[in-house]
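Commentary on secondary and tertiary structure
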Amino acid sequence: MIRTNKDKLPIVSVCGQTQHPTAKYPGYHVGYDGQGRILAGTGGITYNYFIGDICTGIAGDHIEPGCSTYNPDPKCNAAYNLLSCVGNEAVVISGEAKGEKGYVVGTHGGVEHVMIAFSADTLAKLTLSDQFMIRSCGQGLRLLDHDDVHVFNLDPDLLEKMDIREEGKTVIIKVAKIIPACLMGSGLGASTLQSGDYDIMMHDQETVDRLGLMDLRFGDLVAIEDHYGLNGPDYRQGAMTIGVIVHSDSFSSGHGPGVCAIMTSAGHLKAEIDASANLKKYLQFAK
């Protein structure tokens, strides 16, 4: 098993609540094709899309699976987003669903949401005023034998469940898709990937078809070629960033399925294609 500093990581509570969807009147948003649309977007409780489901072709924009959450205090929300890691356990602490458990499946920059996966039965009990406590753990996680492979936004228990192996100084991880650097859009220029996400641009249909991106799923692990993300996403030949798909496709120019980064290296990460490389499998999540 890959050696980490798991035993040195603090486990800290962070709390949030359901975020109501927001909009600006009259609500039209002009897409990459010049067409105005009024569609469901970020926020709220999404009852019919879960990790493992296709995230493209949806009649919506930046749809977040499961429950979208935030903390209404801006400083607390900053910590909520920075400390919540993919795979952290989340517990409902109010309302009819009190005591039900789910998992953090990623963060969404710009709106600063933390998305939590719950079963369909639990989602049906939630309200837009419910509150959640997350056992945050993962920031500061290190691979002890791989100084050039940097890990963030990832629960150490989830890391141990993923299909990872070592060959000398190289860490090999299974991913559902490999994304060329040129397709990464919104989110470039951020100073850190330890919060939020950045998007895969999907509006060149020939490229999308050639790479088979229309079957991308919420929760898929993907590898981004030639991107180094230690201090924010940056182009670097031979580098690689690994992330998780956290929101749906978009009609906005420069936008598309969002990637919450969990790992990066300047030259010691290698990706192998495995269509089953999805959080649904690693978290043993059932709708």
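Residues numbered from 1 in each chain as written. Predicted model: local features only at pLDDT ≥ 70, side-chain atom pairs only at ≥ 80, totals over all residues. Heavy atoms only, no water.

1. A closer look at the overall build of the protein chain
Quick reminder of the rule: Here a strand is any run of E in DSSP of at least two residues, a helix any run of H or I of at least four, and the numbering for each starts at the N terminus. For the radius of gyration, the atom set is restricted to C-alpha positions; the globular benchmark scales as 2.2 Å times the number of residues to the power 0.38. The cut-offs for exposure are 20% and 50% of the maximum accessible area for each residue type, with area from a 1.4 Å probe on protein chains only; residues under the lower value are buried, those over the upper are exposed, and the others partly exposed. The contact criterion used is simple: two residues touch if any of their non-hydrogen atoms lie within 4.5 Å. Where accessible areas are quoted, they stem from the Shrake-Rupley method and a 1.4 Å probe; at the residue level, only the protein chains shown are allowed to cover. When charges are counted, Lys and Arg are positive and Asp and Glu negative, with His and the chain ends excluded. Note on charges: their place is set at NZ of Lys, CZ of Arg, CG of Asp or CD of Glu.
Broken down by element type, the protein chain carries five helices and 18 strands. The C-alpha atoms of the protein chain give a radius of gyration of 18 Å, which matches the 19 Å a tight globule of 287 residues would have. Dimensions of the protein chain, computed from C-alpha atoms along their principal axes, come out at roughly 55 × 45 × 35 Å. In the protein chain, which comprises 287 residues, the proportion classed as buried is 53%. For the protein chain, the proportion of contacts with a sequence separation of at least 24, taken over those separated by at least 6, is 70%. Split by element, the accessible area of the protein chain, about 12600 Å² in all, is 50% carbon and sulfur. Distance from the positive charge centre (23 side chains) to the negative charge centre (34 side chains) of the protein chain: 5 Å.

2. A word on unusual backbone geometry
Residue His62 is not a glycine yet carries a positive backbone phi of 60°. Tracing the backbone through its elements, the reader meets His62 in the loop between strand E4 (45-46) and strand E5 (66-70).

3. So, the packing of aromatic side chains
Convention followed: Classification of ring pairs uses Phe, Tyr and Trp, with its six-membered ring standing for Trp, and accepts pairs whose centres are within 6.5 Å; under 30 degrees between planes counts as stacked, over 60 as edge-to-face, and the remaining range as tilted. Ring-over charges, as used throughout, are those where CZ of Arg or NZ of Lys falls within 6 Å of the ring centre and within 35 degrees of the ring normal.
Tallied over the full model, the rule gives three aromatic pairs. Note on Phe50 and Phe285: the rings are 6.5 Å apart at their centroids and 35° apart in plane angle, and the pair reads as tilted. A residue pair is termed long-range when its members are at least 10 positions apart, and Phe50 in the loop between E4 and E5 and Phe285 in the segment after helix H5 (279-282) qualify at 235 residues. You can call Phe50 buried: its relative accessible area is 6%. Over the aromatic face of Phe251 sits the side chain of Arg37, whose NZ or CZ is 3.9 Å from the ring centroid.

4. Some thoughts on helix H1 (residues 74-83)
Under the convention used in this document: It is the directions from the helix axis to the C-beta atoms whose arc is reported. What qualifies as a polar contact is a pair of N or O atoms within 3.5 Å, subject to a donor-acceptor requirement within protein and to the restriction that residues adjacent in sequence count only when both atoms come from side chains.
All of the buried residues in H1 are Asn77, Tyr80 and Asn81. Take H1 and look down its axis: the buried residues cluster within an arc of 90°, on one side only. The N-cap residue of H1 is Asp73: its side-chain oxygen and the backbone nitrogen of Lys75 are 2.9 Å apart.

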